[in-house]
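# Residue-level structure breakdown
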Amino acid sequence: MRLLVIEDEADLALALAKGLRRQGYAVDIAYDGLAGWELASVNEYDLLILDLNLPEMDGLEVCQRVRISQPALLILVLTARSQAEERVAGLDQGADDYMVKPFHFAELSARIRALLRRDMRVRAHLLQYKDLKLDANARVAWRGNRRLELTSKEFGILEYLLRHPGEVVSQEQLLEHVWDMQANPLTNTVRVHMNSLRRKLEDIADTACYIETVVSQGYRLGVVALPDPQESLL
Ligand code: CA
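Starting afresh in each chain, residues are numbered from 1 along the sequence in its written order. Restriction of local features to residues with pLDDT of at least 70 applies here, the model being predicted, together with a cutoff of 80 or more for giving and counting side-chain atom pairs; totals for whole chains, interfaces and linings are based on all residues. To obtain the side-chain values, all non-hydrogen atoms of the structure were included, while hydrogens and water were left out.

### Describing the overall build of the chain
Each helix is a run of H or I in the DSSP string that is no shorter than four residues. Each strand is a run of E no shorter than two, and both are numbered from the N terminus. Within the chain, the secondary structure is distributed over nine helices and 12 strands. Burial status across the chain gives 47% buried among its 234 residues. Whether two residues are in contact is decided by their heavy atoms: any pair within 4.5 Å suffices. Long-range contacts, defined as pairs at least 24 residues apart, comprise 56% of the intrachain contacts of the chain with a sequence gap of at least 6. Summed over all atoms, the accessible surface of the chain reaches about 12100 Å², with 52% contributed by carbon and sulfur. Partly exposed residues are those whose accessible area sits between 20% and 50% of the maximum for their type, while under 20% is buried and over 50% is exposed, using a 1.4 Å probe and protein chains only. Here, Shrake-Rupley sampling with a 1.4 Å probe gives the accessible areas, and only protein chains in the shown set may cover a residue.

### Focus on the packing of aromatic side chains
The rule is short: rings of Phe, Tyr and Trp, with Trp giving its six-membered ring, pair when the centres are within 6.5 Å, and they are stacked under 30 degrees, edge-to-face over 60, tilted in between. Counting across every chain of the model gives one aromatic pair. Residues Y129 and Y210 carry aromatic rings whose centres are separated by 5.7 Å and whose planes lie at 90° to one another, so their mutual orientation is edge-to-face. In this pair, Y129 is assigned in strand 6 (residues 126-129) and Y210 in strand 11 (residues 209-214), connecting sequence segments 81 residues apart. A relative accessible area of 18% means that Y129 is categorised as buried. Working rule: Lys NZ or Arg CZ, within 6 Å of ring centre, within 35 degrees of ring normal, means a charge sits over the ring. Taking NZ or CZ as reference, K130 lies 5.8 Å from the ring centre of Y129, over its face. When the ring centre of W142 is taken as origin, the NZ or CZ atom of K133, which lies over that ring, is 5.9 Å away.

### Some words on the coordination of the calcium ion
Ligating atoms shown are N, O and S within 2.8 Å of the metal, or 3.2 Å for Na, K and Ca, and water is not included, meaning a site may look less than complete. Those donors, D8 (OD), D51 (OD) and N53 (O), are the protein atoms that reach the calcium ion, and they lie 2.1 to 2.4 Å from it. Counting residues between consecutive donors of the calcium ion along the chain gives the motif D-x42-D-x1-N. Residue D8 is located in the loop between strand 1 (2-6) and helix 1 (10-22), and its partner N53 is located in the loop between strand 3 (47-51) and helix 3 (59-69); the two are separated by 45 residues in the primary sequence. Take N53: its relative accessible area is 44%, and that puts it in the partly exposed class.

### Examining the sheet that holds strand 8 (residues 140-143)
Whether two strands pair depends on DSSP finding at least two bridges between them. Read from one edge of the open sheet, four strands run 6-7-8-9, paired in antiparallel fashion. At either margin of the open sheet sits one strand with a lone partner, and together these are strand 6 and strand 9 (146-148). Neighbour to neighbour, the strand axes of the sheet diverge by 20° on average, direction disregarded. With four bridges joining them, strand 6 and strand 7 (residues 132-135) adopt antiparallel strand pairing. When the bridges of strand 7 are listed, Y129 appears paired with L132. Here the axes come from fitting lines to C-alpha atoms, over the contacting stretch only for helices, and the angles between their N-to-C directions go from 0 to 180 degrees. Each of strand 7, strand 8 and strand 9 is contacted by helix 8 (residues 189-201), which is oriented at about 170° to strand 9, the strand it contacts most.

### Regarding the side chain of R67
Relative to the elements of secondary structure, R67 occurs in helix 3. When its relative accessible area of 16% is taken as the criterion, R67 is described as buried. Any N or O atom pair separated by 3.5 Å or less is treated as a polar contact, with the protein-specific requirement of one donor-capable and one acceptor-capable atom, and with residues adjacent in sequence counted only for side-chain atom pairs. Polar contacts involving the side chain of R67 include one to the main-chain carbonyl oxygen of Q70, which spans 3.4 Å.

### Observations regarding helix 5 (residues 105-118)
Given the number of residues in a helix, its expected span is that number minus one, multiplied by 1.5 Å. With 14 residues, helix 5 extends 20 Å from end C-alpha to end C-alpha; this agrees with the ideal 20 Å at 1.5 Å per step. Looking at helix 5, one finds that the buried residues are L108, S109, I112, L115 and L116. Axial view of helix 5: buried residues confined to an arc of 120°, hence all on one face. Facing away from the buried side of helix 5 by more than 90 degrees, the exposed set consists of A106 and R118. When we speak of the arc, we mean the arc of directions from the helix axis to the C-beta atoms.

### Details of the packing of helix 7 (residues 171-178) against helix 8
The interhelical angle for the contact between helix 7 and helix 8, taken along N-to-C directions, is 85°, at an axis separation of 10 Å. The pairing of helix 7 with helix 8 is recorded here as roughly perpendicular in orientation. Residues Q171, L174 and L175 of helix 7 pack against T189, V190, R191 and M194 of helix 8. Here the residues of the contact of helix 7 with helix 8 are counted per class, giving four nonpolar, two polar and one charged. Orientation labels follow simple angle bins: below 35 degrees gives roughly parallel, above 145 gives roughly antiparallel, 65 to 115 gives roughly perpendicular, and whatever is left gives oblique. Think of it as three bins: nonpolar holds Ala, Val, Leu, Ile, Met, Phe, Trp, Tyr, Cys and Pro, charged holds Asp, Glu, Lys and Arg, and polar takes everything else, Gly as well.

Coordinates in, geometry out; function isn't part of it.
So, in structure tokens, the structure goes:
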């Protein structure tokens, strides 16, 4: 899950990003409305955390524009107490939820989880493919009965693949959804994490491989045939 924090109070923005990254989200920050709008237009986010009182472009305008260009993108608005009443009207501009500052991080985090859960039409949180299972809310994954010990990037890759079974997923798509802008898309970072994920998935002897490399295109979740010992006897 990739989030964008649009907040001009740098201390708050950095604290939010740090807390959210610790929970496994990829997080980008924009410090004014215009920069936020530009990032939201070029990157694919799952949720925006949007302050309303912003330089360069007002938060409400960002909200309106995003609603038009990306109707399904979740928006959580942050507003100062003094502005709360007038700004709640801003929900009419298409925000999905709002929080009044100051707030506790734990509450923000719970609201974010609730919004992402509510968004279940497209993202059921229990994902399964064969004997691979993943709970996106609890952030745990299993192969069969074995719980997988995954890093947050490995988890993100696996979640993305499980949401697109059978589709070829490019490295760029994975960078868009699993990494934030701290990632350097020129590095082979996706491949490195993919390799370690594969090792963790497939370290049971005699089980099928699930992540196929599609040459010069990307990766596909599917059963990669291993010789079946039963068949080879026939
Ligand atoms: Ca502000």
